[in-house]
Amino acid sequence: MTTSASISRSSFLGLLAMGAGALIVAGCSSGTPAADTSSDGIEGSHLTFIGDDNFKPYRYVETADDASKKTVGLDIAVADELASRLGLTYEFKPMSFTGTLPAIQNKQADFSMALASNPEREETFDFTQGYYQPRVGVLTKEGAELADVDALDGCRLSCMTGTVQNQMLMQLCPAAQISTYDTADQAMQEVVAGRVDAYVCDGAEGDSMAKANPGLTCTLLPDDETSDYVGVYRIMGWKGAPFIPAFDGALDDMKADGTLEDLIHTWVGPDFSYGA
């Protein structure tokens with residue numbers, strides 16, 4: 001999920017005050033600080049969910065016929081369902097990907113979604129079980145598709161700073177020229193302008209971009225080439241957050257009764273089915 005490589009993570013801490021365009025769920029008010037959920041139980045808690053709101057189909061701004069705007073997508077739908085089942089409320093606040101981790105680490109927000117865990121992150125954050133298995137997409141101009149990892153090596157590539165795709169490319173494509181950005185739009189525009197050969201990204205995100213931009217196409221890399229580098233998407237909270245185990249239990253129920261699979265089919269499509 002992210003913007004120009006010259007901008008550091010610390011540069012985005014100023015975004016923590018952002019509230020414009022926030023999605024308010026279940027009557028929550030904007031501007032609420034991260035929830036205090038240190039007491040036993042989380043029913044009645046009010047949590048702050050932060051993340052990029054230009055990450056279709058997971059989180060993106062939709063404009064209605066009356067010109068009103070709201071944030072929608074798979075992650076919002078899953079968070080809505082979790083809130084309903086657990087008796088809590090949450091408020092979504094948009095924030096650049098590079099600002100998300102430090103904000104949650106410092107308890108200036110409570111959780112984010114569509115994040116993979118790794119040993120380094122697990123030292124600082126708590127994660128739920130997976131709720132979605134991403135695929136790696138390669139966004140190129142039509143007629144210039146790159147179908148596997150070997151085809152990427154030696155190419156000029158863009159990706160988002162600090163993402164699993166960024167880390168994967170650094171390990172698998174040592175001969176590639178990799179440029180990193182803090183927003184997906186910037187990484188995509190490098191492809192449009194011809195300054196890079198491809199934007200390597202979340203597959204569903206890349207598919208959405210290709211559909212919205214004539215002349216672009218998204219190829220999904222083979223799972224057997226990427227699965228060791230791109231883990232399942234999880235919900236991430238601050239270390240010791242009591243709502244993470246509760247989210248886990250609710251996700252178990254959503255998998256068992258088919259709700260999670262229905263949401264994935266609705267917002268992403270059957271080609272990205274999570275299955276068992």
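Residues numbered from 1 in each chain as written. Predicted model: local features only at pLDDT ≥ 70, side-chain atom pairs only at ≥ 80, totals over all residues. Heavy atoms only, no water.

## A short note on the overall build of the protein chain
Working step 1: Looking only at helices and strands, the protein chain features ten helices and 14 strands.
Working step 2: Per-residue burial over the protein chain gives 52% buried out of 276 residues.
Working step 3: About 11800 Å² of surface is accessible on the protein chain, with carbon and sulfur atoms providing 47% of the total. (Helix = DSSP H or I, 4+ residues; strand = E, 2+ residues; numbered from the N terminus. Buried < 20%, exposed > 50% of the residue type's maximum accessible area, 1.4 Å probe, protein only. Areas by Shrake-Rupley, 256 points an atom, 1.4 Å probe, with all protein chains shown as cover.)

## Remarks on the side chain of Gln165
Working step 1: Residue placement: Gln165 occurs in helix H5 (residues 164-172).
Working step 2: If we skip the residues at most four places from it in the chain, Gln165 touches Val136, Val200, Cys201, Asp202 and Tyr233. (Contact = heavy atoms within 4.5 Å.)

## Some words on the sheet that holds strand S12 (residues 198-202)
Working step 1: As summarised here, the arrangement of the five strands in space is S11-S10-S12-S9-S13, forming an open sheet in which the pairing is mixed. In this open sheet, the two strands that pair with only one neighbour each are strand S11 (177-181) and strand S13 (216-220). Across the sheet, the axes of successive neighbouring strands diverge by a mean angle of 30 degrees, strand direction being ignored.
Working step 2: Bridge count for strand S9 (residues 136-141) against S12 is four bridges, and the pairing is antiparallel. Across the sheet, Gly137 pairs through a bridge with Cys201, a residue of S12. (Pairing = 2+ DSSP bridges. Axes fitted to C-alpha atoms, helices over the stretch in contact; angles between N-to-C directions.)

## Topic: the pairing of S12
Working step 1: In terms of burial, S12 is largely enclosed, as five of its five residues are buried.
Working step 2: Looking at chain direction, strand S10 (residues 156-160) and S12 are connected through two bridges and run parallel. The residue of S12 that forms the bridge with Ser158 is Tyr199.

## Considering the pattern of salt bridges
Working step 1: A full pass over the atoms with the stated rule returns eight salt bridges.
Working step 2: Among the ionic pairs, Asp75 bridges to Arg59, the shortest N-O distance being 2.6 Å. With Asp75 in helix H1 (residues 74-86) and Arg59 in strand S4 (residues 59-63), this pair connects stretches of sequence that are 16 residues apart.
Working step 3: Residue Arg59 is classed as buried on the basis of its relative accessible area of 0%.
Working step 4: A salt bridge links Arg195 to Glu190; the shortest N-O distance between them is 3.0 Å. (Salt bridge = Lys/Arg side-chain N within 4 Å of Asp/Glu carboxyl O.)

## Re the packing of H1 against helix H9 (residues 243-256)
Working step 1: Close contact between H1 and H9 brings their axes to 10 Å; oriented N to C, the two are set at 105 degrees. Considering the angle they form, H1 stands roughly perpendicular to H9. Here H1 contributes Val78, Glu81, Leu82, Arg85 and Leu86 to the contact with H9, which in turn contributes Ala246, Phe247, Ala250, Leu251, Asp253 and Met254. (Parallel < 35°, antiparallel > 145°, perpendicular 65-115°, else oblique.)

## Some points on H1
Along an α-helix, residues three or four positions apart point the same way, because every turn accommodates 3.6 residues.
Working step 1: With 13 residues, H1 should cover 18 Å at 1.5 Å per step; its first-to-last C-alpha distance of 18 Å lies within 8% of that length.
Working step 2: Taken together, the buried positions of H1 are Leu74, Asp75, Ile76, Ala77, Val78, Ala79, Leu82, Ala83 and Leu86.
Working step 3: Looking at the residues trailing H1, positive phi occurs at Gly87, about 70 degrees. (Expected span 1.5 Å × (residues − 1).)

## So, the environment of Asn106
Working step 1: Structurally, Asn106 is set in the loop between helix H2 (97-105) and strand S7 (111-115).
Working step 2: Take Asn106: its relative accessible area is 47%, and that puts it in the partly exposed class.
Working step 3: In this structure, the C-alpha to C-alpha distance between Asn106 and Lys239, residues 133 residues apart in sequence, is 9.8 Å.

## Here's the deal with the confidence of the model for the protein chain
Working step 1: Taken residue by residue, the protein chain gives an average pLDDT of 85. The fraction at 70 or more is 85%.
Working step 2: Across the protein chain, the element-wise mean pLDDT spans from 34 in strand S1 (residues 23-24) up to 98 in H1.
Working step 3: This stretch, residues 1-40, has a pLDDT under 50; its non-local contacts, to residues over four places away or in other chains, come to 96 contacts. (pLDDT = per-residue confidence, 0-100.)

## Quick look at the packing of aromatic side chains
Working step 1: What the rule picks out here adds up to twelve aromatic pairs.
Working step 2: Here the aromatic cluster, defined as three or more aromatic residues joined through ring pairs, consists of Phe49, Tyr90, Phe92, Phe111, Trp238, Phe243 and Phe247.
Working step 3: Stacked on the ring of Tyr60, the Lys or Arg Lys56 has its end atom at 4.9 Å from the ring centre.
Working step 4: One residue, Lys107, lies across the ring of Trp238, its end atom 4.3 Å from the ring centre. (Phe/Tyr/Trp six-rings, centres within 6.5 Å; stacked < 30°, edge-to-face > 60°. Lys NZ or Arg CZ within 6 Å of the ring centre and 35° of its normal.)

## A word on the environment of Ala79
Working step 1: Within the element layout of this structure, Ala79 appears in helix H1.
Working step 2: Taking the relative accessible area as the measure of exposure, Ala79 reaches 4% and is therefore buried.
Working step 3: Once the C-alpha coordinates of Ala79 and Met113 are considered, the two residues, 34 residues apart in sequence, prove to be 8.9 Å apart.

## Here we look at the packing of H1 against helix H10 (residues 259-267)
Working step 1: Viewed as axis vectors pointing N to C, H1 and H10 meet at an angle of 155 degrees, and their least axial separation amounts to 9 Å. In terms of axis orientation, H1 runs roughly antiparallel to H10. When the axes of H1 and H10 are compared, the crossing they make is right-handed. Taken together, the residues of H10 that come into contact with H1 (itself represented by Leu74, Ala77, Val78, Glu81 and Arg85) are Thr259, Leu260, Leu263, Ile264 and Trp267.
Working step 2: Class assignment for the residues of the contact of H1 with H10 results in seven nonpolar, one polar and two charged. (Left-handed = near helix turned anticlockwise from the far one by under 90°. Nonpolar A, V, L, I, M, F, W, Y, C, P; charged D, E, K, R; others polar.)

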